[in-house]
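In case you want the letters, here they are:
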Amino acid sequence: MKIKHVSISILALVAALSLSGCETTGSSPEVSGGNVKYGDSKAVETLTNEFGSTDLQTIAEAMSRSMVQSRVIIAGNRPLVTVSEVKNKTSEYIDTKSITDSIRAQLLKSGAVRFAVDIDAMKTQTDELMRQNNSGLYKKTTQKKVGNMQGADYRLEGNITSIVKRAGDVKDVYYKFSLQLVDIENGVIEWADEKDIRKTSGR
Amino acid sequence: MTPLFRVLAAVLLLVGIAGPAANAAGIEDKIEIMGQLKDVKVVEIQARVRNGLLFVQTEMENLSPNTQQVFYRIKWLEESGFQAWDDEAWKTLVLYGHQRQTLVSSAPTPMAKDFRVILHTKGKDQQETDRDTNTSFKY
Amino acid sequence: MPRSRFSSSLLLAAVVVLLSGCGSMRSYDGELKQTVGMVKSGSVTAALQDLEKNNSGKEENKDLLYFFEKGELLRLTTEFDNSNQAWMRADAKVHEWEETAKTSPEKLFGQVGSFLLNDRTRRYDGFDYEKVLLTSRIALNHIGNGDWDKARTEIKKTHEREAIIAQVREKQLEEAKAEAEKKNVKTTYKELKGYPVEMFDDPEVTKLANGYQNAFTHYLAGFTYEALGEKSLAAPGYRKAMELRPDLPRLGGALEKLDNHKQRPGYTDVLFVVEAGTAPARESMQIPVPVPLGQRFGVVSISFPVIHSDKSTAAPGQLMVDGKDAISLDSITNIDAMARRSLKDEMPGIIGRNIVRAIAKGVMQKEAGDRGGLIGSLLATAFTVVTEQADERSWRTLPALISIGRAQIPSGKHQMTLAGAQDSKVLDFTVSGSHAVVPVRLMSGSTYLMQSKAPAAFEPSTVVANAEQIAPPAASVNQVEVISASSERDTKTQSKSSLVSKKRKK
């Protein structure tokens, strides 16, 4: 008797599942198997207290907003900046390149700053120049000349540090991201700012 | 004029907002509330232009004795009412019981001439489901 | 009435035997002893054939272990692509586990069947340290092929995997505690008479932070990111390795060098990875445990796994390059100790399950005896004997010990000798590019060099390459170098077979 009951309820469950599975297809511009959804890419993420997307976004936003207010940029002559290294001094795998990329994108979009290729992109840049000039494959008039690359006026550099503490079930992480803008010719720091973030998690 | 309705007509004039924004007669027009905002009140909003960039100062007060968490972001608008910048990341603000807190936001671009403060709190049922997921295993 | 009771228990026994038929009757330890023995005597081809013979079933029924071992054996023959093919199958299975861990971790904690049956009938999900090492080894294969970008993907996967494991284990620990309290099982491994507790009390085991994080994986992550020019990611790799092994001061050098070091032109930064021995075996040990049976207590013999270390291969303390430059080796990861640590962490669960099962079985045996007379009792006893074997499964071809050494040496051909290795053969190897990994595996009398191809993409970034000179693919060094005193013939067939497989691909 019991077994029969169980099997009937399993049957019902299977039927219910197969019925509900069909509903999503066809009637809307979504083909979905159930548990995957697109979410708000700007939503506040607090799944774990490791460095996350919200931290990246808020740091990039705070830094770029602060930098466009600096004196050298307000002056309005759109200085040329290059991104140097942001050192990761935490023991978490944080891709600081991805943070500086966001900062650079926002600054470029604001129109207040121009950027020169950084060291990482240098090889691609010189390779391209060399190919145009040395391969003999390109039309003379369209060849980009060697020796016209512009030297940056300022260098953007910084670091990210963290303090992690655990006590019992509570884990507290404090991140500090500092960034500075250095005049390459005279070594003067023209602007610097910090953004700190505290994340605490309890079990 | 209560602080609640201290409209920044003067400020807006200074900013040079024309059209519908200038006619706005209350803080409400500068705020968009999503979800519920029962215990948190926006006390004051001020705006001014510094070095060509629009600055917005929002003052909020927690009316309840409990700590409240508010999500907020600013929507930056051009003169024409078009959005001047991408959606900002949502940010969190923690308000302790009866705390007043001031937020200063600066526009990312000189194109931004107007703004909306978008506020979001967790709805009541949302808070409950959150509590549920906390007790079970969560990623 | 008695008849139906008897037949139902008979049915149960039959079902149980049927169910267990697939996995529990095989002796993994026995199979792998033989396979590993072949590798130790220098004959990987035979070992591969042996593995295939033992896993001759349908492709889709092959389990995680088969792919673990197959990938490792193919790596020894430097067939990096084939090795990764096998390991990616293993990786897919681990990924399945991860998905379950993310969505419904409670499913992982007690696979239901095992309460009644033996642990060996549980699906083999791999130990945590195996899951973490898997992606590291796939990355090593990619580096062997000169593909650092693909290696980076695997290394990033390792970080994510570690995070998932950490969360699951934390949760599991809590749950196991609650469960033990509920079931009132208070026995710990310390109370098992005759159980070799000393294997858990070794300082090598007690100093481990947990059963899944290993310093080698993080050091390799640091090295890979450094080779790719991503210092901000390389730093935490080295830092984590240091945190996991604070007793190895030389690891700190990598971090200092990351900031202050200038690559000498014409030199290659080489990471020597010397792996020795094989991962330990798990064997069954019968221990009498008192359990409550109805109103009285009875003593039931329960089998528990014990770790049997492979002591065949000593790890060398240093290696010599070209007979003059001595490079010190640090034993950065002790997989033998990690296996013991994993078992130690597992013991409360194993004891709990075994005691619950012993009670159930005792009741069944008694009942069968009461109701079914001699035949029933016999049947039940047979069932007891068959199922009472501990879970002996684990990834056996993994090394017991991983040591690393690092040095800058001129790019080009070199010779290496390993101090203290049983096999004192001179190994020829070639390094090129800015960074290279030279992996060597010592197994008893045999030495395997898993020589990397040149990472062609990593010319020093300061050199402006002339566009017309498209860099020729690095001269391929003799890729297969199985150096074994005992079987010269096997070496030859090996090189031939791998050459053939390479040609076929083209």
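Note: the structure precedes this text.
In this report, we go over the structure that sits alongside the text. (Residues numbered from 1 in each chain as written. Chains lettered and ligands numbered in written order. Predicted model: local features only at pLDDT ≥ 70, side-chain atom pairs only at ≥ 80, totals over all residues. Heavy atoms only, no water.)

Focus on the packing of aromatic side chains
The geometry of an aromatic ring pair comes down to the distance between the two centres and the angle between the two planes. Here the structure, examined in full by the defined rule, presents 13 aromatic pairs over all chains. With 6.1 Å between their ring centres and 45° between their planes, Tyr93(A) and Tyr225(C) make a pair best called tilted. Taken as a pair, Tyr93(A) in the loop between β1 (80-88) and α4 (96-110) and Tyr225(C) in helix α12 (residues 215-227) lie in two separate chains rather than in one. The class for Tyr93(A) is buried, based on a relative accessible area of 18%. Given the relative accessible area of 1%, Tyr225(C) is considered buried. For the ring pair Phe272(C) and Phe429(C), a centre distance of 5.7 Å and an interplane angle of 85° mean the geometry is edge-to-face. (Phe/Tyr/Trp six-rings, centres within 6.5 Å; stacked < 30°, edge-to-face > 60°. Helix = DSSP H or I, 4+ residues; strand = E, 2+ residues; numbered from the N terminus. Buried < 20%, exposed > 50% of the residue type's maximum accessible area, 1.4 Å probe, protein only.)

Some points on the pairing of strand β4 (residues 68-77) of chain B
All names here are of chain B. Burial analysis of β4 places 8 of its 10 residues in the buried class, the great majority of the element. Here β4 runs beside strand β5 (residues 91-95); their pairing, made up of 5 bridges, is antiparallel. Among the inter-strand pairings, Phe 71 is bridged to a residue of β5, identified as Thr 92. Alignment of β4 against strand β7 (residues 114-121), held across 7 bridges, turns out to be antiparallel. What sits directly across from Phe 71, in β7, is His 120. (Pairing = 2+ DSSP bridges.)

A closer look at the environment of Val39(C)
Residues and elements named next belong to chain C. When you line up the elements, Val 39 lands in helix α2 (residues 28-40). Note on Val 39: relative accessible area 0%, which makes it buried. Considered as a pair, Val 39 and Gly 445 are 406 residues apart in the sequence and their alpha carbons are 9.7 Å apart. Excluding residues within four positions of it along the chain, Val 39 makes contact with Val 44, Ala 47, Leu 73, Leu 76, Met 443, Ser 446 and Tyr 448. (Contact = heavy atoms within 4.5 Å.)

Brief notes about the sheet that holds strand β3 (residues 53-62) of chain B
For sheets, the rule is that strands pair by backbone hydrogen bonds, running either parallel or antiparallel. All names here are of chain B. Read from one edge to the other, the open sheet built from 3 strands follows the order β2-β3-β6, with strand pairing classed as antiparallel. Each edge of the open sheet is held by one strand with a lone partner, namely β2 (40-50) and β6 (100-106). Strand-to-strand twist of the sheet, defined as the mean angle between neighbouring strand axes without regard to direction, takes the value 15°. Pairing analysis gives 7 bridges linking β3 to β6, with the strands arranged antiparallel. Bridging from a neighbouring strand, Gln 57 pairs with Val 104 of β6. (Axes fitted to C-alpha atoms, helices over the stretch in contact; angles between N-to-C directions.)

Focus: the packing of helix α13 (residues 231-244) of chain C against helix α14 (residues 252-260) of chain C
All names here are of chain C. At a closest axis distance of 8 Å, the pairing of α13 and α14 adopts a crossing angle of 160°. Taken together, the axes of α13 and α14 lie roughly antiparallel to each other. Seen along the crossing, α13 lies across α14 with a hand that is left-handed. Each of Lys 231, Ala 234, Ala 235, Tyr 238, Arg 239 and Met 242 in α13 lies in contact with α14, whose residues at this interface are Gly 252, Ala 254, Leu 255 and Leu 258. Grouping the constituent residues of the contact of α13 with α14 by class yields 7 nonpolar, 1 polar and 2 charged. (Parallel < 35°, antiparallel > 145°, perpendicular 65-115°, else oblique. Left-handed = near helix turned anticlockwise from the far one by under 90°. Nonpolar A, V, L, I, M, F, W, Y, C, P; charged D, E, K, R; others polar.)

Overview of the side chain of Gln143(A)
Residues and elements named next belong to chain A. Topologically, Gln 143 is positioned in the loop between α5 (119-134) and β3 (154-167). Here the side chain of Gln 143 touches Tyr 138 through a polar contact of 3.3 Å, landing on its backbone oxygen. Every residue in contact with Gln 143, bar those within four places of it in the chain, is listed here: Gln 132, Asn 133 and Tyr 138. (Polar contact = N/O pair within 3.5 Å; in protein donor to acceptor, adjacent residues only side chain to side chain.)

Thoughts on the interface of chain C and chain A
Taken together, the contact pairs 25 residues of chain C with 22 residues of chain A. In total, about 1800 Å² of surface goes out of reach between chain C and chain A, with carbon and sulfur atoms giving 53% of it. On inspection of chain C and its partner chain A, the count reaches 1 salt bridge. The closest approach of N and O atoms between Asp95(A) and Arg152(C), which form a salt bridge, is 3.8 Å. Taken together, the connections running from chain C to chain A amount to 8 residue pairs in polar contact (both at pLDDT 80 or more). Those elements that place two or more of their residues in the side of chain C that touches chain A are α9 (148-183), α12 and α13 of chain C. Partitioned by chemical class, the residues of the side of chain C that touches chain A number 8 nonpolar, 7 polar and 10 charged. (Buried area = accessible area lost by both parts, 1.4 Å probe. Salt bridge = Lys/Arg side-chain N within 4 Å of Asp/Glu carboxyl O.)

Quick notes on the nonpolar core
Leu192(C), Tyr195(C), Tyr219(C), Phe304(C), Ile332(C) and Met347(C) are the most contacted members of the largest nonpolar core, which has 91 residues in total. Looking at this core element by element, the count peaks at 10 residues for helix α15 (residues 335-387) of chain C. (Core = buried A, V, L, I, M, F, W, Y, C linked by side-chain atoms within 4.5 Å.)

A look at the environment of Lys324(C)
Residues and elements named next belong to chain C. Looking at the secondary structure, you find Lys 324 in the loop between β4 (318-321) and β5 (325-328). Taking the relative accessible area as the measure of exposure, Lys 324 reaches 58% and is therefore exposed. Distance from Lys 324 to Met 416, taken between C-alpha atoms, is 9.7 Å for residues 92 residues apart in sequence.

A look at a nonpolar patch on the surface
Residues Val117(A), Met122(A) and Met149(A) make up a contiguous nonpolar surface patch of about 220 Å² in total accessible area. As for its placement among the helices and strands, Val117(A) is situated in the loop between β2 (114-115) and α5. (Patch = residues over 30% accessible without salt bridge, like charges linked within 9 Å, V, L, I, M, F, W, Y side chains within 5 Å. Areas by Shrake-Rupley, 256 points an atom, 1.4 Å probe, with all protein chains shown as cover.)

Points about helix α2 (residues 53-67) of chain A
Helix length check: α2(A), at 15 residues, gives a terminal C-alpha distance of 21 Å against a target of 21 Å (1.5 Å per residue), a fit within 8%. α2(A) sits mainly inside the fold: 12 of its 15 residues count as buried. (Expected span 1.5 Å × (residues − 1).)

Points about the sheet that holds strand β9 (residues 427-431) of chain C
All names here are of chain C. Pairing in this open sheet of 4 strands is antiparallel, and the strands run β5-β4-β8-β9 from one edge to the other. Looking at which strands have only one partner, the edges of the open sheet turn out to be β5 and β9. When strand polarity is set aside, the average angle formed by the axes of neighbouring strands in this sheet is 35°. Taken together, the 3 bridges between β4 and strand β8 (residues 412-418) define a ladder with antiparallel strand orientation. Each bridged residue has a counterpart across the sheet, and for Val 321 the counterpart in β8 is Met 416.

Some details on a positive patch on the surface
Taken together, Lys87(A), Lys89(A), Lys231(C) and Lys262(C) make up a surface patch of like positive charges. Summarising the element assignment, Lys262(C) is placed in the loop between α14 and β1 (267-276). (Lys, Arg positive; Asp, Glu negative; His and termini not counted. Charge placed at Lys NZ, Arg CZ, Asp CG, Glu CD.)

Observations concerning the pattern of salt bridges
Oppositely charged side chains are able to pair whenever their charged atoms sit close together. Following the criterion strictly, the structure yields 54 salt bridges over all chains and no others. With a shortest N-O distance of 2.4 Å, Lys91(B) and Glu61(A) are connected by a salt bridge. Residue Lys91(B) is located in strand β5, and its partner Glu61(A) is located in helix α2; the two belong to separate chains. Of the two residues, Lys91(B) and Glu61(A), neither departs from the other in class, the shared state being buried. Here Asp127(A) makes a salt bridge to Lys123(A), at a shortest N to O gap of 3.2 Å. With Asp127(A) and Lys123(A) both in helix α5 and 4 residues apart, the pair spans about one turn of that helix.

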